Structure formats: C-alpha cells, structure tokens
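Take a look at the letters that make up each chain.
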Amino acid sequence: MSEADWKPEGQESKTTQVEIPNILPLLPIRDIVIYPYMMLPLFVGRDVSIRAVEESLSRDRLIFLVSQKNSAEENPNPADIHRVGTIASIMRMLKLADGRVKILVQGLSKGEVDTYLRERPFFEVKIRKVIEPTLSEVPIEVEALMRTAKEKIEQILNLKNLPPEIVMVTDNIGDPGVLADLVASNLRLKNEESQAILEIFDPIERLKKVNELLARELELSTMQARIQNQAKEEMSKTQRDYFLREQMKQIQQELGEGDDRAEEISELRKQIDKAKMPPEVKREADKQLRRLEQMHPESSEASLVRTYMDWLVELPWSKRTKDNLDLEKAKQVLDEDHYDLEKVKERILEYLAVNKLRRKIKGPILCFVGPPGVGKTSLGRSIARALERSFVRVSLGGVRDEAEMRGHRRTYVGALPGRIIQGVKQAGSNNPVFMLDEIDKVGADFRGDPSAALLEVLDPEQNHAFSDHYLNLPFDLSNVLFICTANLLDPVPPALADRMEVIQLSGYTNEEKLEIARKFLIPRQLEDNGISTKHLEFSNDALLRIIAEYTKEAGLRNLERELASICRKVARKVAEGKSELTKLTRANIHSFLGAPKFLPEAEQEHHEIGVGTGLAWTSTGGEVLYVEASLSKGRGNLTLTGQLGDVMKESAQAAVSYARAHAKKLGIEEDFYQKLDIHIHVPAGAIPKDGPSAGITMATALISALTKRPVSRDVAMTGEITLRGRVLPIGGLKEKSLAAFRAGIKTVILPDRNEKDMDEIPKALRRKLHWVLANNMSDVLKTALLNGKRNAKETQRAAAAKTKLGSAKGKLRRGARPLPKSHGDRSIPLRP
C-alpha cells in the first residue's frame, strides 16, 4: 500500500454525476481489476485496444474497462471477458516510440455488459449502469465494520513501516462501499478475488468480504515481521559474538596469555612434519591448514576441515613395524598356536624367507577357505604374532554398501573413511596383518557392490596407491599382509578370487581333533573353569568317543562346548567340596553328556544285491552313503527318490544308459528296460543330496540288481560316470576316506586321476585301507561285485556266526561282561 495509489475523489465526486452513455467502447485489460475512484496508468499495445482508446477520445473520453478471464489470451472473444467492469474516464494519453499507448484512467462507477454491438475493429458494448444503494444514516454495525477495517490498515502500515499519512486518507471516507473498493484495490489479491469483490453490489457485504481479506493480510504481515526480526537478532548475535571474541583476543595478547587457536594450528603443523607424509599428501595437508587458519573457528566448514586434518596426521604414512626374520622362532610361534595346517605355515615361512633375503617385497594376498571352526580367524592372529606385526580384523559379513570400503565424500554430513583406512589407523603401522573375515558373505544392493571396491585393495599391482573417497589421496597398502577367510569360494566374484592366493583348509580328522583337544582345548577349558589336572583327567578313548558320537563337524567349536560342559560339572563338584580326581572314561561319558547325539552309520551285515556303498562330502566332513536299486515288472520307468538334486538325477540316468549300452557284455537281457521298472533310492530322505560323485555307486547298485550279483559290503566307492563308462575325478578325497575308515570299510575305489590327491590323506590312514584306482566301470565292477556262489557261502557263514553268538548270549553268567560288537570298534577311528 502507498499513498500515491489511494486517489479517491471523495464524497463530492460521488454527488457530481457524469452523464454516462449506454453505448461505450470496451477495453479488455489483463492482470488487474479497476475499481471506481481508482486512478492509475495503463499501457495499451493490442490493435483492438488502441482502436477502442482512439474511439473513446473521439467521443467523450469515456471507456468501459473489463478484466479478461485468462490473461494469456491475446485475442479474447466476448466469452473470455468478464461481464462486470468499471466505467472510466481517460485523463491523459501518450503515444510511445514502440507503437504502444500509455493512458491515465480514473474509475467512475460500475457497469455490466448487456450486449456486444461489435467486436471489430474494437469492442463496443451496450451497458447497464450499476447503482448501489445509498445509506442515509450509517448503522452501528456498519460503523463497527469500517472502524475495524481502518484499524487493521493502520496495524499493517505499522508492521511494514509505511508513512502514517495514508491513514488520513481512509479516515476521510465515510461511505462503506468506497472504503471497501479503496482497500481491495490496494491489497495484493489474485485477479479472481478482485473480480469477485467488484461483482458484489451491496456495499455492506463487500465491506465484510474486504474485512476477511484484511485479517489474512494482517496475519501474513505479522508472520513476515517476526521472521525478519529473528533473522536480524541472529545476525546481531553473531556480530556481537565476533566483536567480543576479537576483544578477548586483544586482551589475551595484552596480558601475554596464549591463543588457543594459534596453538592448535601450530600443533597441527608439527604433527604434519612428524608424520613424514609423501610430497603429494603434504602439499594437500599444508593447503588445508592454510584454509583452516583463515576460517572462523565456530563455522561448520572449520569443523569439517579440522576432522580431515586429524585423519591426515594420525595415519601411519611412514610408520611400520620391524618384521621378525627369525624363521625358527616364527615356526615355533605358529606350532604353539595351531596343530598341523602345514600348508599355511609353509607359505608364511616362505614369505619370511624371501623378505629376509630381499627386504622389500609386496605383501601377499592370502585367502583361507574352509568349513566353520577350523581356525581360520585365529590363524591370522597367530601369523601376526609370528611376524611381530599389528593385527586388524574387519568382518565383512552382511556389508552391502560400497562406501563401507572406500568411505564417503567429505561433502556428506558425518562422512568418514572406509574400513580399510580405519583399520590401518587402528593398527598404527602401514604393514599390519589385515584380516578380511567372511569375504564370501559380502552382499550388493542399490548402494553399490563392496566386492568391486575390494578389487583395488586386493591387487598388489594397484594397492600401492589406494584412494579412499574421504581422503581423496593415495595411500600405500602394498606392505599390508592381507588375509581373507571364506567358508565357500563359489560366492566370491571370479575377478576377486583371481587376485587371491587360495589355501584350502579341510576339516580335521578325529586323530587331529584328539591332538588339538589334548594340546589346546582341554588346558584352556580347565583354566577358564577354575580347575586343573588334579580335578579332571580325560582318557583318549573318552575323547575319541566324544568326537565321534557327540559332535559332527569339520571344526572344533562343538567339541570345545562339550569339553566346557564336562569341566563345568566337575567345577561344581569342586565348589561343593568334592575335590577328588574325576577320571573321564569311555564308560562314564553318558553321566556327563547324556546319550550320544550322533551314531555312526551302521555297516551292512551281509553282501546284498542292489545295495552299493558310496562316499559323500559334506561341510562337516565325509559321510557313508548307501544307494539301493530295486527292480519290478513294468514298462521301463525310472524312479529316483531320496531328495536328490538335478546333478545326482542325471548321474542315475547316465548309469541306466550305461547298463543298457553294455547289457550284452554284462550278461543282462538286452530288452530289460522294456519289461522292468527301476527304482533307485538313497536313504536319509530328509537330507538334500546332490553332486556327480555317486555316479559309479548308482551304476554298481543297478548292475548288481540286474545281474543278481551281490555288492561287497567291504567296498566303498566314489567317482563320476560317463555314458562310455569312464570314471572321472572327484573332490573331498580326504574327508571321504575318513568316512570309509570310520564305517569299518577296508577297500576304497576311487578314480585313477585322483591318485595325485592321495598325498592329502594321513599316512596312517593310507596304510590301513586298500586302494583301488579305477579308469572305467569294468575296474569298479571287478572289485565291487561278487559271484553268486561266493555270496551263498558268505551268507551261510554269517548266519551260523549270528546263531552261535545268540546262544552264547543266552548262557552269560551273572556279572559276566558281554563281548563288544565288532562294528562298534570300527566306528571308533584310528587311535594314536
């Protein structure tokens, strides 16, 4: 609102009536609504509008001003123009250089379009004059409305710091309609709202509507003033704090006291020199320090730069630990911490030997792959102790954000370096043993793939200049000895697996578990539970039974839990005052641990037709797998049961195809597949099974059923079969051999191409078993199948032995101990 906008003629002009004709030229106007007694300049540019102005000047200078409905319409039709407008007088006209016309108009009274007489070359309309009702005496209600409106105008003027002379204009108006028009013309209303007020002919109703709009404007003005005051107060407080701080600095300097900020900058400069950074890093550090000096200490940017500087000066750019190059001492440390694991120990000692001779070599990237509980993580800690280096472990299980590895950009709030740089800082040296645990559990989502970020970290050709997103500077990781661990190598991306030296850690044999329990687990549990060898003693038989019947794993975690359970029970006895020695034997284990949790697979009592003994690998070690084949009259259908996977089903189909192709050679009817239905079943149906290594076992069981020749119960086999009968190599030979031995099997058939893997089998086990290397199915059948006569004799001999044993049991004297079952002894593995 301004004083120049408010130019009503007052009450005198209202009484001075101007003779207004019924036919007038019409000027459509845009983005504004003209009210009576309102004076303002208009710029006219359209040809139709200029013609209307010229026609008005040629008559009596009167024109009808009406607002368009759509201001964007260049050539409006009568339908695009409102019906109600204002009759105005053209006070002055000025032609501009660009062809437009500037006119000064003053509203006289309201009018309404009756009919359009013509549209070209200008709009000419017949109008109806709107005569508003006059009030001879102003009622109290109307007076109150007018006073309210005037008070609100005064409040708005005070909030906006406008001159008070404007109030004098409103005080001189006594007509409610004129006051309403005057206020509406000076409020910032939308075109539709202004037109709606113009179309209210009752002055009292119009004043009520204007009062509502004034209330809204007052509320907006109040809010605006409050926001401006708050901003001014904040600015004033900041300036005041700055001046006070500067004064305090001057006072401290006068008193000779130190400046904390100057001391901080000086300390950072000393730390930069002490860190012995590479030239590129030092240049960046000096640049950031100069920036920090020029910043206000309380600003948010200064806090970010200060945090960044702290990371730069605390990283071990040139600090490294001295390696232990004494090979004998390193070997002794590794042997103290772990039993066996010769491959890993040998690789670490080789690294030390090369480092001793050459002094400057890149750190190897090792990856230990093996089942849970075999000691992969503790092995990393042991390697760090043997090398006398710092040890850092980062668990990657469940990590899905690429920024976890590389860090976040400094522009983000709360940004930090990635786990690699954090781990190096935690180690305090640039050559730690850095363990990336569970690398096969890394995931990926919309935030990126962390394993892709590890490609640079685990590449000796690239990690000498590893760039973290937060630091944005190269850091040398080539001296770091990275050790990754995984349970399975399959989930690891091929590009990442190619960068690592993979060392397979297979599960422990029962004998190895016995040694580890003796040397490491039992002493640790005795100490943890507050007892000693004076209170508890384990026999080898008892430990072997715990391993075989109370645990079923490749590692040692469950074995340690069982030992801890026994130690706790003994500790309770000691705490109750019973301090005598407790001897744990094979006979009294159940009193501490209860009934056995796992029973070994029972061996077959006879040589049976259609039952072959296979060997399977699991994550907890090896297992014996029996394959049963049965024939019945039918039409050649093949049924496979036992929750078999796709690969295992295909192996069964290959076995059937082999039998059909070699039926004549095997002495089988060549059309057997047309008369018989074949059913192959692998027991333990609740356990999923898959893999090709049971191929020769399925073929042997099937051919046994077809030829009526029994399969030897003392023979176990493993190998993949082809349609031509070739036996292909398999994996997990060590675990499968141990499973065969535990089941009391004497002969193992394996592919001849697995001969190279027999070095993995313990020597004691190799001497105990008879090994048959098979090149094709003929070699397998020659060893596994027995002839019919031999089978009959064996069956009679077994039945007689069983009868004799039964009569002996009936004649046992009271107190006499029964003979142990032969297969029970076989279920206990080798004893040292």
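Heads up: the structure comes first, above all this text.
Cut-offs used in this document
- Residues numbered from 1 in each chain as written.
- Predicted model: local features only at pLDDT ≥ 70, side-chain atom pairs only at ≥ 80, totals over all residues.
- Heavy atoms only, no water.
- Pairing = 2+ DSSP bridges.
- Helix = DSSP H or I, 4+ residues; strand = E, 2+ residues; numbered from the N terminus.
- Axes fitted to C-alpha atoms, helices over the stretch in contact; angles between N-to-C directions.
- Contact = heavy atoms within 4.5 Å.
- Phe/Tyr/Trp six-rings, centres within 6.5 Å; stacked < 30°, edge-to-face > 60°.
- Buried < 20%, exposed > 50% of the residue type's maximum accessible area, 1.4 Å probe, protein only.
- Lys NZ or Arg CZ within 6 Å of the ring centre and 35° of its normal.
- Core = buried A, V, L, I, M, F, W, Y, C linked by side-chain atoms within 4.5 Å.
- Parallel < 35°, antiparallel > 145°, perpendicular 65-115°, else oblique.
- Left-handed = near helix turned anticlockwise from the far one by under 90°.
- Nonpolar A, V, L, I, M, F, W, Y, C, P; charged D, E, K, R; others polar.

Undergrad: How should I be thinking about the sheet that holds strand E7 (residues 365-369) in this particular structure?
TA: Spatially, the five strands line up as an open sheet ordered E8-E9-E12-E7-E13, and their pairing is parallel. Of all the strands in the sheet, the pair left with one neighbour each is strand E8 (391-395) and strand E13 (501-504). Ignoring strand direction, the axes of neighbouring strands in this sheet form an average angle of 20 degrees. Bridge count between E7 and strand E12 (residues 481-486): five bridges; the pairing is parallel. Its bridge partner being in E12, Phe 368 is matched across the sheet by Thr 485. Each of E7, E8, strand E9 (433-437) and E12 is contacted by helix H13 (residues 376-387), which is oriented at about 175 degrees to E9, the strand it contacts most.

Undergrad: Even after reading the chapter, I still don't get the packing of aromatic side chains, so can you show me in this structure?
TA: A complete count under the given rule lists five aromatic pairs for this structure. Relative to Phe 482, the ring of Phe 434 has its centre 5.5 Å away and its plane inclined at 45 degrees; by these criteria the two rings are tilted. Note that Phe 434 is positioned in strand E9 and Phe 482 in strand E12, a separation of 48 residues in sequence. The pair Phe 434 / Phe 482 is uniform in exposure class, with both members buried. The ring of Tyr 308 has Arg 410 lying over it, and the distance from NZ or CZ to the ring centre is 3.9 Å. Positioned above the aromatic ring of Tyr 673, the side-chain terminus of Arg 660 is 3.8 Å from the ring centre.

Undergrad: Help me out: how do you make sense of the nonpolar core in this one?
TA: Soluble globular proteins: nonpolar side chains tend toward being buried together. The biggest cluster of nonpolar side chains holds 60 residues, and the ones touching the most others in it are Leu 26, Leu 27, Phe 64, Leu 65, Ile 103, Val 105 and Leu 214. Considering every element that reaches this core, the biggest residue donor is helix H3 (residues 140-159), with seven residues. If you look at the next biggest cluster of nonpolar residues, it comprises 54 residues, including Tyr 308, Cys 367, Ala 415 and Phe 475.

Undergrad: Please clarify how the side chain of Ser 56 should be interpreted in this entry.
TA: Structurally, the position occupied by Ser 56 is in helix H2 (residues 47-58). For Ser 56, a relative accessible area of 0% gives the class buried. Excluding residues within four positions of it along the chain, Ser 56 makes contact with Pro 25, Arg 61, Leu 62, Ile 63 and Ile 90.

Undergrad: Quick question: what am I supposed to make of the packing of helix H18 (residues 510-528) against helix H20 (residues 557-575) here?
TA: Put simply, H18 and H20 touch, their axes get as near as 10 Å, and they point 45 degrees apart. With respect to their mutual orientation, H18 and H20 come out oblique. Crossing angle aside, the handedness with which H18 passes H20 is right-handed. Between H18, through Lys 513, Ala 517, Leu 521, Ile 522, Arg 524, Gln 525 and Leu 526, and H20, the contact on the second element is made entirely by Leu 559, Glu 560, Leu 563, Ala 564 and Cys 567. Across the contact of H18 with H20, the residue classes tally to eight nonpolar, one polar and three charged.

Undergrad: Sorry if this is basic, but what is going on with the pairing of E8 here?
TA: Burial along E8 is one-sided: the residues Val 392 and Val 394 are buried and none of Phe 391, Arg 393 and Ser 395 is. In the sheet, E8 pairs with E9 via five bridges, with the strands oriented parallel. Paired with Ser 395 across the two strands is Asp 437, which belongs to E9.

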